[in-house]
Every structure is written in C-alpha cells, then in structure tokens.
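Residue-level structural notes
Single-letter residue listing:
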Amino acid sequence: SKISETVHESVEDLIDRSTIAGQISPIIKKFFLSPEQLETIWQGITHVASFADIIVLLVLGYALVPTVEVPYTRFILSRNSKHADTDFRSTSVYHILNSFSQIARLAFVVYAFDMVKIFLVGAGFEIPRGERLTHAFAYIIYTLWGAHRLSQFKQYILGQIAGDTQGRIQVVDRLGNAFLAVCTTFIILDILNVEMGLAMQGVVALGSIGTLVF
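In short, a report on the structure. The structure displayed is predicted, hence computed values, not measured ones.

Its 31 residues give helix 6 (residues 130–160) an end-to-end C-alpha distance of 46 Å, which sits within 8% of 45 Å, the value for a rise of 1.5 Å per residue. Listed in full, the buried residues belonging to helix 6 are G130, T134, A136, A138, I140, I141, T143, A147, R149, S151, K154 and L158.

Okay, structure coming up:
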C-alpha cells in the first residue's frame, strides 16, 4: 500500500541520517586494517616523515632551554655581581629561547597531526579538504599561541606600570583581553574560510579563545 511504502521510505531515510545508531560499528571496523592498508599507511608516513626533522624539533622543543640554562647561569649570571642572584627564567634570554621552544613544540604537534591524517585516510576515513586541513590546523594553533603570548606580554607591561592604579589596570587588562579575543576569533574564522572553504556568518564563540578574557 502507499502508506506502508511511505513509512518504509521514511524509516530508510532515518536510518541513513541517524546520528549514532548504526554508526559506531562501521567506524570501529575501519581500525581493523588489512596488510595492504598497513603497507600503504607505512609508505605514506615514511615518504612524508623525516627522522632528522623529528630530532631537530624535539631538541629545539625540549632540550634548547636546559642546554643553555646551565652555562648561561654559571658563566654569565654568576660572574656578574649585579645579576649573581638572578634566576635564569626571569631573564630576556630565557623568554626568547622559551618562545623558540614553544614554536618547535607546536611544529611537532602539526607534524604528528599530519601523520594521524595519513593514518585515517589509509584506514578509509573521508577527510573533507584533507589537503588543506593541516595548513588550517597549523595556522589556528599558531594564532592561538600568538594571542596567548601577546596576552602574557600585555600583563607584564601592565604589571610594570601598575603602581597605585591597580583597579584601572585590571579594567585595561580585561579590555585588552577582550580585544585580543575578538581579533583572534576573526583571524581564525578567516583561516577556516580561506583554507577549508567554510563561510561563516557572525561571530562563533570559540571556548579556547574566550578563556583569554578571564
């Protein structure tokens, strides 16, 4: 009958568009990789990844600051009477090196993200605009990092000039954070639009950015 056919079509349409029901098992099955898939994934990773790149990023990200800290403290700070008691982590040298280290760590995260993307594609997952996804990811995390560093620098400057105007400084600090959050949001929306083709209307509340205000 027409009614039963209509009901059947409606049920089939709901099955195809279900949010969770029937969607979990196919995803799990994709992780049971065949030898051919494993070989393809391994070839893709070895073609892109470089052991030397990984070593350089790890050294810059995790060994640069400790390697410089010991000789700088022993041969420069300790021999200068004015800075004999100065903590290395309060010097401008540390902050510069720490910035380079953080950049390298983020680069390693992007590197790992590329490897994960190769694995997922090899496992059969469809990634929209996959060729641009890593670029967008890198631009976004470096934008967030830059905004966070600017916020820290702003707080340092305001702390130097606080004096007896602590209340006003806090207001300026909050306004500055709000300005940074808005600018960062628009930059990220622009990245998503250009790199991923995601045209967005209005301002989307990004939780990771909103934390800067508080």
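As a further point, take the packing of aromatic side chains. For the structure on display, the rule yields five aromatic pairs. Aromatic pair F88 and Y94: ring centres 5.8 Å apart, planes at 75°, arrangement edge-to-face. For F88, a relative accessible area of 1% translates into the label buried. What makes Y94 buried here is its relative accessible area of 12%. With 4.1 Å between their ring centres and 10° between their planes, F113 and F137 make a pair best called stacked. One end of the pair, F113, is in helix 5 (residues 92–122); the other, F137, is in helix 6, and 24 residues separate them in sequence. With relative accessibility at 23%, the residue F113 sits in the partly exposed group. For F137, a relative accessible area of 24% puts it in the partly exposed group. The ring of F125 has K30 lying over it, and the distance from NZ or CZ to the ring centre is 4.8 Å.

With that settled, consider the side chain of S101. Relative to the helices and strands, S101 is located in helix 5. Ignoring any residue separated from it by four or fewer positions in sequence, one finds S101 in contact with L60, G61, L64 and V65.

What follows covers the nonpolar core. Core analysis: the largest hydrophobic core is formed by seven residues, namely L64, V65, Y72, L77, F88, Y94 and L97. Elements with a minimum of two residues in this core: helix 4 (51–77) and helix 5. The element contributing the most residues to this core is helix 4, with four residues. In this structure Y72 touches L77, F88, T91 and V93, once residues within four positions along its chain are discounted.

Calculation rules
Residues numbered from 1 in each chain as written. Predicted model: local features only at pLDDT ≥ 70, side-chain atom pairs only at ≥ 80, totals over all residues. Heavy atoms only, no water. Helix = DSSP H or I, 4+ residues; strand = E, 2+ residues; numbered from the N terminus. Expected span 1.5 Å × (residues − 1). Buried < 20%, exposed > 50% of the residue type's maximum accessible area, 1.4 Å probe, protein only. Phe/Tyr/Trp six-rings, centres within 6.5 Å; stacked < 30°, edge-to-face > 60°. Lys NZ or Arg CZ within 6 Å of the ring centre and 35° of its normal. Contact = heavy atoms within 4.5 Å. Core = buried A, V, L, I, M, F, W, Y, C linked by side-chain atoms within 4.5 Å.

Any link to function would need more than the numbers given here.
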